[in-house]
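Chain residues, written in single-letter form:
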Amino acid sequence: MDPHLETEFRDFVESRWQPLLRTAYLLTGDHGLAEELLQTALVRTHRRWRQIERSDAPEVYVRKVLVNLHRTWWRRARRREDPTGTVPERVDLTADSHDAYAAYERRDELWRAVLALPPRMRAALVLRYFEDLPEAEVARILDCSLGTVKSQTSRGLDRLRTAYETRRDS
Amino acid sequence: MTRDLEDALRAEFTARAQQLTCGAAPYPALRRRIARRRRALTAELVAAAALVSAVGIGAGLTLDHPRPSPGVAVTTAPLAVGGCGSTPLYRGAPPAWTAVAQAPADLTYVVSSEGNAVGFLFVDPLHAGTGTGSQNKILWVVRSGGAGGAGSGPLAITGRPLDSPAAGAQLRVDEPGLGGGVYPSITDVPAPGCWHLTLNWAGGSATVDLPYGPFR
């Protein structure tokens, strides 16, 4: 690669590593996996850097790769999963909803519900509510229509509501 | 209710993201990955070119002397830098499956006629001589099966001058290997010329021709 482009790529990686890693972490829920996901996405980005840099939207491209890669990895991992007869333990939050520990558990319940969402739905929520991106931008990253973003977001919130608000109100 | 949930979600995402310990960008590691990926892609292109050549589509291609053996991963890029018999010496990206050996990137290497063994030459050019007379260090990497696993067991190398099939001068090297089909060796020969080597290991064998210069 041209040394000038290489320098630009390096500057991009060094300046955007942390925010992109945070996004990757919210997509995967695992620090190690997030680093691996981001590095893989950046390797792919490097291959097309000349075109991406010209389009003036490298971060959009990296986010796109992050989301798509994560979906692919998630599908593969899912195929490797073994069914188990044991249901994960759930905390009874109704015992003392004013307890600080219960508040922590509520948050944890929400986070686990986020991680249980399908990757595309989770990505829509992360991009909307963490990155604060407008729906049109989310649609661009997810490579789908505005209507799909709205429906994915809405359905994602519905699922979280089941896990979160029913417990909060109980 | 939706507003509460949205606020809770924003707060949760922010809190989780802030908990993450983000160090500096691991740029050197990323560069290494990019370089590895580039080598692997080059190797894939080389293999594809070899396939095209093998099925005759590339019949019009002119290949530098020495003529490579059929089925060998041969590049159309100007990487052949010598060799003898049916084995070119190459510089450039070696087959991707040899990455396990972590050979230095700038070494000259040979690929066996069968495509299942690669020898990285730490001495270039090679010189005839045995004992303390030479010390031609060659790192052999072998694999078993078509695209299968690494070679295993000790590696035995026998050799004879290419133009003297019945010559008395023979070569024999036995290497225990490092595992994973990786065998560091001192592959010395008693006389200069083009030597035809046969490599045998558990699950495979390969042949390769190597040029050895005068004694030194």
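Since the model is a prediction, treat every value here as computed from it, not as a measurement. (Residues numbered from 1 in each chain as written. Chains lettered and ligands numbered in written order. Predicted model: local features only at pLDDT ≥ 70, side-chain atom pairs only at ≥ 80, totals over all residues. Heavy atoms only, no water.)

Engineer: Give a description of the overall build of chain B that names residues and reports values.
Structural biologist: The secondary structure content of chain B amounts to two helices and 11 strands. Each helix and strand of chain B, placed in order from N terminus to C terminus, yields the pattern α-α-β-β-β-β-β-β-β-β-β-β-β. Across the 216 residues of chain B, 44% fall into the buried class. Pairs at least 24 apart in sequence give 51% of the contacts found in chain B among residues at least 6 apart. Split by element, the accessible area of chain B, about 10400 Å² in all, is 58% carbon and sulfur. (Helix = DSSP H or I, 4+ residues; strand = E, 2+ residues; numbered from the N terminus. Buried < 20%, exposed > 50% of the residue type's maximum accessible area, 1.4 Å probe, protein only. Contact = heavy atoms within 4.5 Å. Areas by Shrake-Rupley, 256 points an atom, 1.4 Å probe, with all protein chains shown as cover.)

Engineer: Lay out the side chain of Thr45(A) with the relevant residues and their values.
Structural biologist: Residue and element names in this part refer to chain A. If you trace the backbone, Thr45 turns up in helix H2 (residues 31-47). A polar contact is formed between the side chain of Thr45 and the backbone oxygen of Ala41, at a distance of 2.7 Å. If we skip the residues at most four places from it in the chain, Thr45 touches Phe9, Ile52, Tyr61 and Val62. (Polar contact = N/O pair within 3.5 Å; in protein donor to acceptor, adjacent residues only side chain to side chain.)

Engineer: So what's going on with the interface of chain A and chain B? Which residues, and what values?
Structural biologist: The parts lose accessible area when they come together, and the size of an interface is often stated as this lost area. Contacts between the two partners involve 36 residues from chain A, matched on the other side by 32 residues from chain B. Contact between chain A and chain B buries roughly 3400 Å² in total, counting both sides, with carbon and sulfur atoms accounting for 65%. Applying the counting criterion to the chain A and chain B interface returns nine residue pairs in polar contact (both at pLDDT 80 or more). Elements with a minimum of two residues in the side of chain A that touches chain B: helix H1 (3-28), H2, helix H5 (100-115), helix H6 (119-130) and helix H8 (146-169) of chain A. A total of 11 residues in the side of chain A that touches chain B trace back to one element, the largest contributor, which is H1(A). Considered class by class, the residues forming the side of chain A that touches chain B number 18 nonpolar, five polar and 13 charged. (Buried area = accessible area lost by both parts, 1.4 Å probe. Nonpolar A, V, L, I, M, F, W, Y, C, P; charged D, E, K, R; others polar.)

Engineer: A description of the pairing of strand E1 (residues 80-84) of chain B should follow, citing residues and the corresponding values.
Structural biologist: Look at any regular strand and the pattern is simple: side chains alternate between the two faces of the sheet. All names here are of chain B. With four bridges joining them, E1 and strand E2 (residues 87-90) adopt antiparallel strand pairing. When the bridges of E2 are listed, Cys84 appears paired with Thr87. Where E1 folds back on E2, the antiparallel hairpin that results is connected by two residues, among which Gly85 adopts a positive phi of roughly 60°. (Pairing = 2+ DSSP bridges.)

Engineer: So what about H6(A)? Which residues, and what values?
Structural biologist: Residues and elements named next belong to chain A. Summarising burial for H6: 11 of the 12 residues are buried, a large majority. By the burial criterion, the buried members of H6 are Pro119, Arg120, Met121, Arg122, Ala123, Ala124, Leu125, Val126, Leu127, Arg128 and Tyr129. A positive phi of about 60° marks Asp132, the residue just after H6.

Engineer: Please give an account of the packing of H1(A) against H2(A) that cites residues and values.
Structural biologist: Residues and elements named next belong to chain A. Relative orientation of the contacting elements H1 and H2 amounts to 145°, with a least axis distance of 9 Å. You can see that H1 and H2 cross each other, and the crossing is right-handed. Between H1, through Glu6, Phe9, Phe12, Val13, Trp17, Leu20, Leu21, Ala24, Tyr25 and Thr28, and H2, the contact on the second element is made entirely by His31, Leu33, Ala34, Glu35, Leu37, Leu38, Gln39, Leu42, Thr45 and His46. When its residues are assigned to classes, the contact of H1 with H2 shows 13 nonpolar, five polar and two charged. (Axes fitted to C-alpha atoms, helices over the stretch in contact; angles between N-to-C directions. Left-handed = near helix turned anticlockwise from the far one by under 90°.)

Engineer: Lay out a positive patch on the surface with the relevant residues and their values.
Structural biologist: On the surface, a cluster of positive charge is made up of Arg44(A), Arg47(A), Arg48(A) and Arg37(B). Examined against the element boundaries, Arg44(A) turns out to sit in helix H2. (Patch = residues over 30% accessible without salt bridge, like charges linked within 9 Å, V, L, I, M, F, W, Y side chains within 5 Å. Salt bridge = Lys/Arg side-chain N within 4 Å of Asp/Glu carboxyl O. Lys, Arg positive; Asp, Glu negative; His and termini not counted. Charge placed at Lys NZ, Arg CZ, Asp CG, Glu CD.)

Engineer: Explain the pairing of strand E11 (residues 204-213) of chain B residue by residue, including any values.
Structural biologist: All names here are of chain B. Taken across its 10 residues, E11 has seven buried, putting it largely inside the fold. Note that strand E5 (residues 126-127) and E11 share two bridges and pair parallel. Within E11, the residue paired with Leu126 across the bridge is Tyr212. In this sheet, E11 lies alongside strand E10 (residues 193-202) in antiparallel orientation, the contact comprising nine bridges. Looking across to E11, one finds that Asn200 is bridged to Ser205. What sits between E10 and E11 in their antiparallel hairpin is a turn of one residue, with Gly203 showing a positive phi close to 100°.

Engineer: For unusual backbone geometry, give the residues involved together with the corresponding values.
Structural biologist: The peptide bond linking Asp124(B) to Pro125(B) adopts the cis configuration, its omega dihedral lying at 10°. Counting through the fold element by element, Pro125(B) comes out in the loop between strand E4 (117-121) and E5. In this structure, Asp132(A) is a non-glycine residue whose phi angle is positive, near 60°. Within the secondary structure layout, Asp132(A) lies in the loop between H6 and helix H7 (135-142). The backbone of Asp143(A) sits at a positive phi, close to 60°, despite the residue not being glycine.

Engineer: Any chance you could break down the nonpolar core for me, citing the residues and the numbers?
Structural biologist: Formed by 57 residues in total, the largest nonpolar core has its most connected members in Leu42(A), Leu66(A), Leu160(A) and Phe13(B). Ranked by residues supplied to this core, first place goes to H1(A) with 11 residues. One finds Leu121(B), Val123(B), Ile157(B) and Val189(B) within the second-largest nonpolar core, a separate group that totals 23 residues. (Core = buried A, V, L, I, M, F, W, Y, C linked by side-chain atoms within 4.5 Å.)

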